[in-house]
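The chain contents come next:
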Amino acid sequence: MTIWTMYQIRPARAADLDPVLTLLHRLQALPEHHIGYHGETRDELADEFTELNWPAAAVVAVDDSDRVHGVLVADVDPSLGRVW
C-alpha cells in the first residue's frame, strides 16, 4: 500500500532557514541527493543562502504541521535578466 503525502508550497520565512539548513545538510551527505554547487557544511549552506537573499527568493514545501520538507531557491540576476 502506498500512502501519498501532499505538501503545501508557501513563500519561505526567515524562521524557515534553520529547518532548511538541517534538511539540506542531511541530504548533502547522501550521494543521490548531493547538489554539487551547494556547500557541504551547515556554515557553507548558510553562507550561500544568505547570498541568495533568503527568504525573498525561496519557497518551501511544508506538511500540515508547517514542518519543512523541501525548498526551492532562485538566484536572480536582474542585470543579466536571468534566474538560476
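Up top you'll find the structure we're talking about.
Structure report, in brief. (Residues numbered from 1 in each chain as written. Predicted model: local features only at pLDDT ≥ 70, side-chain atom pairs only at ≥ 80, totals over all residues. Heavy atoms only, no water.)

**Considering the nonpolar core**
- Counting 14 residues, the largest nonpolar core has Val20, Phe49, Trp54, Val60 and Val68 as the members making the most contacts within it.
- When near neighbours in sequence (up to four residues on either side) are disregarded, phenylalanine 49 contacts Leu17, Val20, Leu21, Leu24, His38, Trp54 and Val73. (Core = buried A, V, L, I, M, F, W, Y, C linked by side-chain atoms within 4.5 Å. Buried < 20%, exposed > 50% of the residue type's maximum accessible area, 1.4 Å probe, protein only. Contact = heavy atoms within 4.5 Å.)

**Details of the side chain of aspartate 16**
- Tracing the backbone through its elements, the reader meets aspartate 16 in the loop between β1 (8-11) and α1 (17-28).
- Polar side-chain contacts of aspartate 16 include one of 2.7 Å to the backbone nitrogen of arginine 13. (Helix = DSSP H or I, 4+ residues; strand = E, 2+ residues; numbered from the N terminus. Polar contact = N/O pair within 3.5 Å; in protein donor to acceptor, adjacent residues only side chain to side chain.)

**Things to note about the sheet that holds strand β3 (residues 68-73)**
- Ordered in space as β1-β2-β3, the three strands form an open sheet in which the pairing is antiparallel. Since the sheet does not close on itself, it has two edges, and those belong to β1 and β3, each with one partner. The sheet shows a mean angle of 25° between the axes of neighbouring strands, taken without regard to direction.
- Here α1 sits on the sheet in contact with β2 (58-62) and β3, set at roughly 90° to β3. (Pairing = 2+ DSSP bridges. Axes fitted to C-alpha atoms, helices over the stretch in contact; angles between N-to-C directions.)

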